[in-house]
Amino acid sequence: MRSIFIAVLILVCTGCARQIETVTIPSAGQQAVAMPDTFSADAAMAVLAEGGNAVDAAITAQFVLAVTYPEAGNIGGGGFMTLSINGQADFLDYREMAPGAAHRDMYLDEQGHVHPYESLFGAKASGVPGTVAGMWEAHQKYGSLPWSRLVQPAVDLAEQGFVVPEHLAGRISRYLARVQKQGLFSNFGDYFAHATANSVFSQPELAETLKRIRDQGRNGFYDGETARIISSYMQQNGGLITAQDLASYEAKWRTPITHTWRGYTVITAPPPSSGGVAVVQWLGMMEPWLESLPEHNSSQYIHLLSEVGKRVFADRAEYLGDPDFVEVPVQALTEPAYLAKRSSEVNPDAISVTEDIAPGLYESEDTTHFSIVDRWGNAVANTTTINLSFGAGVVVSGAGFLLNDEMDDFSAKAGVPNFFGAIGGTANEIQPFKRMLSSMTPTIVLKGRDVALVTGSPGGTTIISSVTQSVLNTLVYDMTAQAAADAPRVHHQLWPKDTIRHHSGLDASTLEELERLGYTLDNRSFGDLHLITATVDGMDAASQSSGRGKAIVNPAQ
Ligand code: DON
């Protein structure tokens, strides 16, 4: 029932701050953006051209995407930002948190079964949004242009409207048809039905909310009029978020995971993301197998990626959760000796038995991402989400924005998979004010102090595969940014058993060989990479061709 509902519902799974002191980093001098749509790309590049830094451009892009990319861009959701500023790594967690009234069994019925859609649809599916607090914090610490300047492009696009791309119109009409067919209550159509291809679509309520954010900063969302509208919407629609939950929300600066790998420094997302640990594990366990440089996307290479992936996801299910609530053994899980041992258990010629892949320690569709590099060589990788396409499918009436359905990223019941098939235990069970485990993995790779790669993708648990393979494609297989974004990718997450999800474009003989090895193949593509790499000729930026992204590299004026 749950999976049927999901299949039907889901369309695509799918005041001025202190100036930072900027130093010139060798190989910089250009500025680059790789964005999920043209509106965010143009607005972010305009900020950089005006002398803004990568964080300024990220703030503008985030708010623009809340207007022009409603399936994932948001002010009603959350995300993670990985930063390299003057060569210093930093990480901002603006993930949603469970409301104070949330509890472990809130999505179970009287028989103890997980309710098929309560964590995915409607007000009760929403965690307390973190995006506005996150952007405000980023600006306080690193912003250089005035906050109001950075929010204004989003206000203009919401107030005056924008020409709806066909890609977006298609997603909206398919989503509407499915919600209607399912007979679910949603006010989605009231807000989005007239966003048809090539028409000018304005969002007056959202424009007013953005103006309050522009003029009052963080308080324009978590306090006053917007907070009042959100909490009364929640009360009327069975949601749990209160004015107090909103007032108490905090975006948090955390120490990113930094890991040395093949002469590079990988800077990536710590818990409550599972993604950084997973990508570092995946890269680390692949390392010995890369010595012979297996042919890219050969059956041998895909088998090795899959065997490693199974081990990564076994650890994820057991150990990962919100570090403010559970102790996550990040150090132990990313220790080179541990990774070498796990890697040595891989049989390069045969599939290991799924049930035997236990967590290793102690022996016992839609999100969006953008990447930015400024003229000083500062980098921002930012992944943001309302979970599935169009989040909880409901708009906060009077405030004009879509709510997230991020509560589904918790483990509603131990051992029962969430939408992305991720299984979790107590580490990721629901508790008041806890952050749900994420797979979002905004990642920056440095060579010395220089940016070598900025990368990230949507895709739930497949994010981890997309990011890992974007690192391998660029830094091991020497692909251009565009080739790396578009090369067919594979994903294996332990369960379903021996199943490889893959993009089209792999050789028929490779697929035959994988089937001969015993794999089940699931041909459903995933992800939307937006990445920037450094080459001897300068920055190279690309957005995956299947999306509606846009990448720009410009010389600084
Ligand atoms: O945080 C997470 O891992 C998920 N909520 C991300 C959702 C996502 O990427 C949907 N995209 N297809």
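What you are looking at is a predicted structure, and each value in this text was computed from that prediction instead of being measured.

> Any chance you could explain the pairing of strand 14 (residues 499–502) here in plain terms?
Two faces, one strand: in a regular strand the side chains alternate between the faces of the sheet. Burial of strand 14 is two-sided: the residues T499 and R501 facing one way and the residues I500 and H502 facing the other way are all buried. With 2 bridges joining them, strand 13 (residues 490–491) and strand 14 adopt antiparallel strand pairing. In the sheet register, H491 faces strand 14, and the bridge partner there is R501. The sheet contact formed by strand 14 and strand 15 (residues 520–522) spans 3 bridges and is parallel. When the sheet's bridge partners are listed, I500 is paired in strand 15 with L521.

> Which parts of the structure should I look at to understand the nonpolar core?
Within soluble globular proteins, side chains that are nonpolar generally end up buried alongside one another. Ranked by internal contacts, the top residues of the largest apolar core, which has 90 residues, are F63, I75 and L210. Broken down by element, the residue count for this core peaks at 11 residues, all from helix 3 (residues 54–68). When residues no more than four places from it in sequence are discounted, the contact partners of I75 are F63, A66, P129, T131, V132, L206, T209, L210, I213, F221 and F401. In this structure, F80, I257, V279 and M285 belong to the second largest nonpolar core, which totals 63 residues.

> When you look at the UniProt feature "active site" (unreviewed entry) in the protein chain in this model, what are you seeing that I'm missing?
UniProt feature "active site" (unreviewed entry): in the numbering of this structure it lies at T367. With respect to the element layout, T367 can be found in strand 9 (residues 367–373). At 2.6 Å, the side chain of T367 and the side chain of T385 are in polar contact.

> I'm lost on the site of the ligand in this one. Help?
T367, E406, D409, S438 and S439 are the nearest of the 18 residues found near the ligand. Separating an oxygen atom of the ligand from a side-chain N or O atom of S438 is a distance of 2.6 Å. The contact in question runs from an oxygen atom of the ligand to an N or O atom on the backbone of G459, over 2.8 Å. Burial of the ligand by the protein amounts to 98% of the accessible area it has alone, namely 340 Å². Counted by class, the shell around the ligand contains 5 nonpolar, 8 polar and 5 charged residues.

Cut-offs used in this document
- Residues numbered from 1 in each chain as written.
- Predicted model: local features only at pLDDT ≥ 70, side-chain atom pairs only at ≥ 80, totals over all residues.
- Heavy atoms only, no water.
- Buried < 20%, exposed > 50% of the residue type's maximum accessible area, 1.4 Å probe, protein only.
- Helix = DSSP H or I, 4+ residues; strand = E, 2+ residues; numbered from the N terminus.
- Pairing = 2+ DSSP bridges.
- Core = buried A, V, L, I, M, F, W, Y, C linked by side-chain atoms within 4.5 Å.
- Contact = heavy atoms within 4.5 Å.
- UniProt positions renumbered as here; feature names shortened; annotations may be inferred.
- Polar contact = N/O pair within 3.5 Å; in protein donor to acceptor, adjacent residues only side chain to side chain.
- Near = heavy atom within 4 Å.
- Areas by Shrake-Rupley, 256 points an atom, 1.4 Å probe, with all protein chains shown as cover.
- Nonpolar A, V, L, I, M, F, W, Y, C, P; charged D, E, K, R; others polar.

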